[in-house]
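Here is what each chain is made of, one letter per residue.
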Amino acid sequence: MLASHPRIEIIGAPQDLGQSLRGVDMGPSAIRVAGLVERLRGLGFDVVDHGDLTCSTMALSAEGDARVRFADEVAADAEQLADVVADIAARGSFPLVLGGDHGVAIGTVGGLARHERRQAIVWVDAHGDFNVPETSPSGNVHGMPLAAILGDGDRRLVEACGVSPKALATHTVIIGLRDVDPGEAERLRKAGIRRYTMRDIDERGIRPIMDEVVAYVTRDGVDRVHLSFDMDALDPRHAPGTGTPVRGGLTYREGHLMMELLADADVVTSAEFVEVNPALDERNRTAEMAVELVASLAGQQIL
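The structure presented is a predicted model; accordingly, all values stated were derived computationally and were not measured.

Engineer: Please set out the overall build of the protein chain residue by residue, giving values where relevant.
Structural biologist: Secondary structure assignment for the protein chain yields 11 helices and eight strands. Each principal axis of the C-alpha distribution contributes one length, and for the protein chain these read about 50 × 40 × 40 Å. Of all 303 residues assigned to the protein chain, the portion counted as buried reaches 59%. Considering only intrachain contacts with a sequence separation of at least 6, the fraction spanning at least 24 residues in the protein chain is 76%. Surface accessibility of the protein chain: about 11,200 Å² in total, with carbon and sulfur atoms responsible for 49%.

And the structure:
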C-alpha cells in the first residue's frame, strides 16, 4: 500500500558477503546517484534517507563454513538491518531497503516480522534463492535467503532477527525463474511455493500472472506484502550490472508493467531492490533501472 504511505524511509544495506564478486556493496550509493530520492519527492512523497548501515565486508571477514560462507557476519548484519526496518514500520512509514546482495532480505523481512508475521512475499528473481547448505553448489548466502526466511537452512540465518519463520510460505510467490540448482528445484517443488518461470511469462504474459499474484498473496487477509526485487530478474540487456546475470529475463516493459500493476493494486507495504553492482555496470544503467522501477511501484504514470 505504498500509495497509503506518504512517507518513504530509505536504508542502505551495503552487504557483499552473500556472493563472490566485489562491488555490490556500492549498490545503494549507485541507486542514490541515479536520483532515487529526487524521483520519489517529485511524485509527492515525503522521503527520509537514513544512509547506509555499516556492514561487514568480504575483505575483512573470515569465510567460515564453506557450505554457508560468512554466515555469522550475514546474521549479524541482518540483526542490524532488522532493528532499523522494525522502527520504520512502527512509525507507519514505507520501508525501502537498497542492497547489497540478496542476503539482506533476511534482515528486511526479519524486521518486518517483529510487527506482523502474517507476511506475504513477492520475490522477483532469476533464481529461487531457496538453497540450504546441503544443496548449494557455491555456499553463497545470496542463494539461500528465501529458504531462511521461511524457516529452513542454517540455524544462524533461520533464527536471525529473533523470528522464525519470518513470512508465510503459503503466501509466497517467485516470479522470473530461469536458473535453479537441481537440489533447489526439488526443494521448491516439495515446499509448494507458487512460482512463475520465464516460460510461464512467455506463454501467458505479465498481466494475467500479476492478477493471479495479487489475488494469491492477499487472500485470507495477510498483514503485509513485501516486494523483494533482485535486479538479475531483468534481462542483462537492461540490467548488466549484476553479479549473476542470466539471459532470457524480464524485458524493460515487463519489469515496469509488474510494478505498475502492483501500484494499481496498492498492496505492497515494503520493498527492497538488490544486487546492483556498479563495478559490473555500464554507465550506471542498472541503478537507473532500479530507480525507474521504484518510481513505477510508487505510482508514476505515463500520463
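Engineer: How would you summarise the state of the cysteines if you had to cite specific residues and measurements?
Structural biologist: Under the definition given, this model contains zero disulfides. No disulfide involves Cys161; its sulfur sits 12 Å from that of Cys55, the nearest cysteine.

Engineer: Tell me what's going on with the layout of surface pockets, and back it up with residues and numbers.
Structural biologist: Quantified by volume, the largest pocket comes out at close to 290 Å³. Considering the residues around the largest pocket, the lining is formed by 20 residues, among which His127, Ser138, His142, Gly143 and Thr244 are closest to the centre. Within the lining of the largest pocket, the residues separate by chemical class into two nonpolar, 11 polar and seven charged.

Engineer: Tell me about the sheet that holds strand S6 (residues 194–197), and name the residues and values.
Structural biologist: Read across the sheet, eight strands follow the order S2-S1-S3-S8-S7-S4-S5-S6 without closing on themselves; strand pairing throughout is parallel. Edge positions in the sheet fall to strand S2 (46–52) and S6, since each of these pairs with one other strand and no more. Going from strand to strand, the sheet's axes swing by 15° on average, the running direction of each strand aside. Relative to the sheet, helix H10 (residues 252–265) contacts strand S4 (119–124), strand S5 (172–177), strand S7 (224–230) and strand S8 (270–274), its axis offset from that of S7 by approximately 170°.

Engineer: Summarise the side chain of Glu184; cite the residues concerned and give the values.
Structural biologist: Following the sequence through the fold, Glu184 ends up in helix H7 (residues 182–191). Of the side chains with opposite charge, Arg187 comes closest to the buried, unpaired Glu184, at an N-O distance of 7.3 Å. Those residues in contact with Glu184 that sit more than four places away from it in its chain are Gly128, Asp129, Phe130, Asn131, Thr135 and Gly143.

Engineer: Summarise empty space enclosed by the protein; cite the residues concerned and give the values.
Structural biologist: Enumeration over the complete set of coordinates arrives at one cavity of 30 Å³ or more. Looking at the largest cavity, its volume works out to about 40 Å³. Lining the largest cavity are Ala13, Gln15, Cys55, Asp77, Ala78, Leu81, Gly103, Val104 and Gly107. It is helix H3 (residues 71–90) that contributes the most residues to the lining of the largest cavity, three residues altogether. Residues of the lining of the largest cavity, tallied by class, amount to five nonpolar, three polar and one charged.

Engineer: Provide a residue-level description of the pairing of S6, including the pertinent values.
Structural biologist: Bridge count between S5 and S6: four bridges; the pairing is parallel. When the sheet's bridge partners are listed, Ile174 is paired in S6 with Arg195. Tracing the backbone out of S5, into H7 and back to the parallel element S6 gives a crossover that is right-handed.

Engineer: Residues and numbers for the side chain of Glu254, please.
Structural biologist: Tracing the backbone shows Glu254 in helix H10. Buried and unpaired, Glu254 has Arg237 as its nearest opposite-charge partner, separated by 7.3 Å. Residue contacts for Glu254: discarding those within four places in its chain leaves Met198, Ile201, Ile206 and Gly249.

Engineer: Could you give me a rundown of the pattern of salt bridges, with the residues and numbers involved?
Structural biologist: Working definition: two side chains of opposite charge can pair if their charged atoms are close together. Applying the stated criterion across every chain yields a total of 24 salt bridges. The residue Arg224 makes a salt bridge to Glu116 at a minimum N-O spacing of 3.6 Å. Remark: Glu116 occurs in the loop between helix H4 (105–113) and S4 and Arg224 occurs in strand S7; sequence separation between them is 108 residues. Residue Arg224 is classed as buried on the basis of its relative accessible area, which comes to 8%. Among the ionic pairs, Arg237 bridges to Asp235, the shortest N-O distance being 2.9 Å. On the accessibility criterion, Arg237 (53% relative accessible area) is exposed. The structure contains a network of salt bridges with shared partners spanning Arg32, Asp49 and Asp52.

Rules of the game
Residues numbered from 1 in each chain as written. Predicted model: local features only at pLDDT ≥ 70, side-chain atom pairs only at ≥ 80, totals over all residues. Heavy atoms only, no water. Helix = DSSP H or I, 4+ residues; strand = E, 2+ residues; numbered from the N terminus. Buried < 20%, exposed > 50% of the residue type's maximum accessible area, 1.4 Å probe, protein only. Contact = heavy atoms within 4.5 Å. Areas by Shrake-Rupley, 256 points an atom, 1.4 Å probe, with all protein chains shown as cover. Disulfide = S-S within 2.5 Å. 1 Å grid on protein atoms, 1.4 Å probe; cavity = no way out; pocket = protein on both sides within 12 Å on 5 of 7 lines; lining within 4 Å. Points joined across faces, edges and corners; volume = space filled by probe spheres on them. Nonpolar A, V, L, I, M, F, W, Y, C, P; charged D, E, K, R; others polar. Pairing = 2+ DSSP bridges. Axes fitted to C-alpha atoms, helices over the stretch in contact; angles between N-to-C directions. Lys, Arg positive; Asp, Glu negative; His and termini not counted. Salt bridge = Lys/Arg side-chain N within 4 Å of Asp/Glu carboxyl O. Right-handed = clockwise from strand over helix to strand, strands pointing away.

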